[in-house]
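Descriptive structure summary
Below are the chains, spelled out letter by letter.
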Amino acid sequence: MASTIALPGQLLGPTKSNTIGPVTHISGPNLYASIAGPLVSTPSTSKSSPAATISIPRPSGALLPELATTVIGKITRTNPRQASLSILALGPNGASVLREPLPALIRQQDIRATEIDKVKVAESFRVGDVVRAVVISLGDERAYYLTTARNELGVVMAWSEGGNVMVPVSWREFVDEGTGVREGRKVAKPV
Amino acid sequence: MQADRRRINAPAGGTAPPTFTFADHPDLLRRPTRTRKPDEHRKIFLRTGIVPSASGSAYYEVPPAKPAPSTGSLVPTSSSLKITCTVHGPRPLPRNAAFSPNLLLSTHVKFAPFATRQRRGYVRDASERDLGVHLETALRGVIIGDRWPKSGCEVVITVLEGEEDGWFGEGREKGGGWGMMSVLAECITVASAALVDAGIDCVDLVSGGTAALVKGEGGEGEAVVLDPAPAEHEVTAACVVAYLQSRDEITEMWMKGDAGDSTEGLMDQAVRAAVMSRTVLVEAVKEGLKVGGDVQPVNGAPKGGEGKGKDVDMTG
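A brief look at the structure comes next. (Residues numbered from 1 in each chain as written. Chains lettered and ligands numbered in written order. Predicted model: local features only at pLDDT ≥ 70, side-chain atom pairs only at ≥ 80, totals over all residues. Heavy atoms only, no water.)

**Points about the overall build of chain A**
Secondary structure assignment for chain A yields zero helices and 17 strands. Computed over its C-alpha atoms, the radius of gyration of chain A comes to 21 Å, more than 25% above the 16 Å expected for a compact globule of 191 residues. In terms of principal-axis extent, the alpha carbons of chain A reach across some 65 × 35 × 30 Å. Taking all 191 residues of chain A together, the buried fraction comes to 47%. Here chain A displays about 9500 Å² of accessible surface, and carbon together with sulfur accounts for 55% of that area. (Helix = DSSP H or I, 4+ residues; strand = E, 2+ residues; numbered from the N terminus. Rg over C-alpha atoms; globule rule 2.2 N^0.38 Å. Buried < 20%, exposed > 50% of the residue type's maximum accessible area, 1.4 Å probe, protein only. Areas by Shrake-Rupley, 256 points an atom, 1.4 Å probe, with all protein chains shown as cover.)

**Notes on the interface of chain B and chain A**
In this assembly, 41 residues from chain B lie in contact with 39 residues from chain A. Buried surface at the junction of chain B and chain A, both sides included, amounts to about 3300 Å², of which 57% is carbon and sulfur. Here E100(A) ties to R91(B) by a salt bridge, and the two come within 3.0 Å at their closest N and O atoms. At the boundary of chain B with chain A, the tally comes to 13 residue pairs in polar contact (both at pLDDT 80 or more). Those elements giving two or more residues to the side of chain B that touches chain A turn out to be β3 (81-92), α3 (178-198) and α4 (263-295) of chain B. Broken down by element, the side of chain B that touches chain A gets its largest block of residues, four residues, from α4(B). Residues of the side of chain B that touches chain A, tallied by class, amount to 21 nonpolar, nine polar and 11 charged. (Contact = heavy atoms within 4.5 Å. Buried area = accessible area lost by both parts, 1.4 Å probe. Salt bridge = Lys/Arg side-chain N within 4 Å of Asp/Glu carboxyl O. Polar contact = N/O pair within 3.5 Å; in protein donor to acceptor, adjacent residues only side chain to side chain. Nonpolar A, V, L, I, M, F, W, Y, C, P; charged D, E, K, R; others polar.)

**Focus: the side chain of R34(B)**
All names here are of chain B. With respect to the element layout, R34 can be found in the loop between α1 (26-29) and β1 (45-48). One buried charge, R34, has no salt-bridge partner; the nearest side chain with opposite charge is E232, at 4.8 Å. Only 3.0 Å separates the side chain of R34 from the backbone oxygen of K37, close enough to count as a polar contact. At a separation of 2.8 Å, a polar atom in the side chain of R34 contacts the main-chain carbonyl oxygen of L226. (Lys, Arg positive; Asp, Glu negative; His and termini not counted.)

**Re the pairing of β3(B)**
Residues and elements named next belong to chain B. Pairing between strand β2 (residues 56-62) and β3: seven bridges, direction antiparallel. Counted as the bridge partner of G56 is V87 from β3. Where β3 lies against strand β5 (residues 151-161), nine bridges are found, and the strand directions are antiparallel. Counterpart to R91 in the pairing with β5 is G152. (Pairing = 2+ DSSP bridges.)

**Observations regarding the pairing of strand β9 (residues 249-257) of chain B**
Residues and elements named next belong to chain B. Direction of pairing for strand β8 (residues 235-244) relative to β9: antiparallel, over a ladder of eight bridges. The residue bridging A237 from the neighbouring strand is G257, located in β9. Hairpin connection between β8 and β9: a loop of four residues separates the two successive antiparallel strands, and D248 in this loop has a positive phi of roughly 55 degrees.

**Quick word on unusual backbone geometry**
With the exception of glycine, most residues fall at negative phi, and the peptide bonds are largely trans. All names here are of chain B. Cis rather than trans, the peptide bond between G89 and P90 has omega equal to 0 degrees. Considering the arrangement of structural elements, one finds P90 in strand β3. We note that D227 has phi near 45 degrees; this positive angle belongs to a residue other than glycine. Here D227 shows up in the loop between β7 (222-226) and β8.

**With respect to the nonpolar core**
If you look at the biggest cluster of nonpolar residues, it comprises 89 residues, and the most contacted ones within it are L146(A), L135(B), V155(B) and I157(B). If you tally residues by element for this core, the top one is α3(B), at 15 residues. Excluding anything up to four places from it in sequence, I157(B) contacts I83(B), T84(B), C85(B), H108(B), V109(B), K110(B), L135(B), C187(B), V190(B) and A191(B). In this structure, L226(B), Y243(B), L266(B) and A270(B) belong to the second largest nonpolar core, which totals 13 residues. (Core = buried A, V, L, I, M, F, W, Y, C linked by side-chain atoms within 4.5 Å.)

**Some remarks on the pattern of salt bridges**
Tallying each qualifying case throughout the model produces 25 salt bridges over all chains. One salt bridge in this structure joins E152(A) and R150(A), with 3.1 Å as the shortest N-O distance. Of the residues examined, E152(A) reaches a relative accessible area of 28% and is grouped as partly exposed. What makes R150(A) partly exposed here is its relative accessible area of 42%. Ionic pairing is found between E173(A) and R182(A), a salt bridge with its closest N-O pair at 3.1 Å. Through salt bridges with shared partners, one network takes in R36(B), R42(B), E163(B), D227(B) and E232(B).

**As for the sheet that holds β5(B)**
The strands making up a sheet are joined through hydrogen bonds of the backbone, oriented either antiparallel or parallel. Residue and element names in this part refer to chain B. The strand order β1-β2-β3-β5-β4 describes an open sheet built from five strands, whose pairing is mixed. Both outer strands of the open sheet, β1 and β4 (104-111), are each paired with one neighbouring strand and no more. Going from strand to strand, the sheet's axes swing by 15 degrees on average, the running direction of each strand aside. Across four bridges, the pairing between β1 and β2 is antiparallel. What sits directly across from R47, in β2, is Y59. (Axes fitted to C-alpha atoms, helices over the stretch in contact; angles between N-to-C directions.)

**Focus: the sheet that holds strand β4 (residues 24-27) of chain A**
All names here are of chain A. Read from one edge to the other, the open sheet built from three strands follows the order β2-β5-β4, with strand pairing classed as antiparallel. For this open sheet the edge positions go to β2 (11-14) and β4, each flanked by a neighbour on one side alone. Sheet twist, expressed as the average angle between the axes of neighbouring strands with direction ignored, equals 30 degrees. In the sheet, β2 pairs with strand β5 (residues 30-33) via three bridges, with the strands oriented antiparallel. By the bridge assignment, G13 is partnered in β5 with L31.

**Things to note about the packing of helix α2 (residues 126-140) of chain B against α3(B)**
Residue and element names in this part refer to chain B. Relative orientation of the contacting elements α2 and α3 amounts to 45 degrees, with a least axis distance of 10 Å. Taken together, the axes of α2 and α3 are oblique relative to one another. Crossing angle aside, the handedness with which α2 passes α3 is right-handed. From α2, S127, L131, H134, L135, A138 and L139 reach across to α3, where they touch M180, V183, L184, C187, I188, A191 and L195. (Parallel < 35°, antiparallel > 145°, perpendicular 65-115°, else oblique. Left-handed = near helix turned anticlockwise from the far one by under 90°.)

Note that all results are geometric; they support no functional claim without further evidence.
This is how it looks when you write it as structure tokens:
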């Protein structure tokens, strides 16, 4: 792991002997840095392209979600066709917290992987639930489109109708330990 | 121009307090002279990361060339320059905005009301908006906009102390707006530092530089000087460039006045000035990274990925 600091516009080497990695760009025959940060050179694992990949991990963490980014969000509103949420942090455990929440939505058909025609949004999410989801599209001018159609995705924290924190009891139910009431959710498998 | 309806404003241009100069303060009645060489830049102070609530910020200062003479007068003989820049973004676009595959850049330049000898209003006037447009073209050429779809970025510059347009002894009407040129060059440099601090992808560091064609000693001949302070010279033409050194590109050029056949020479000198301010910019950015790097181990994760120390177990 190299500890040299790169600055935007700094020459990192010719593209023949280096593979482009995140936060670098190509201009002409050469590879350049795009932000200021420590340089990381990852040796190539494939035989066909022996060039090392050069990247710069962002010192501030990721700033915006991209396709296939796992995000943490909070449900803001539901209707029978979709659930709206605000993306609050990026990464499976919310490693980089966003400065401002980003609008997103989970459509009914993206809630789970099987029996998608029988899914009901109201039995999967409630307003206020904390959800782990994956970006499937940058979406329209407003919302990112997310999916929870994987075992480890879904509601990670939920509050019952009475306002108590609930614990997951199965892949589709949370239980309020105080009152014993069960509520339906698309539960994320603990990781 | 629409009036500012939100504040109780003083009558336009009517209430400037009289400033008296006395014969026993000869320094005040003499035009300040340039003490540095024609190809010498003033000293620059630049630091990033000064506004915690912004994604990126920087502060730029050019201290006065020499300390004010101890005349006891409140009128400073030469101006210094103080500029702060904050960058907000990438942030989501407002609700009613259309889809944009690129980063939408917006720039605001505002002089503080007390920034110049002539008091500024609270609402941006035409010259401030003009500076904002110049700054936007300068920055648009360096930002890699397609890395940030559906988001906007706001660059807000506040000029706390601006360059004088001319020597105050010559009166207000003699000012030709030359101070704006230096202010723009410095705005470009400080905005570049703030953008890097915000972690927005750029093809290069952009730095601003000014050069001016000035009347020589005693009004004879003309000479090109780098980084002019308008109070010290009689400027006939000036040029600002935003220069990317490692790509040898210019993203913004603004020339004013009649440079005659020395137009190209003036541009070359402005580029030289930009190269000089870039050395400071590079050091400031590196210093900003070091400060940020010192903070990280406190979180318990010196290396091994982005912000691991802040992990919150959300598995329920």
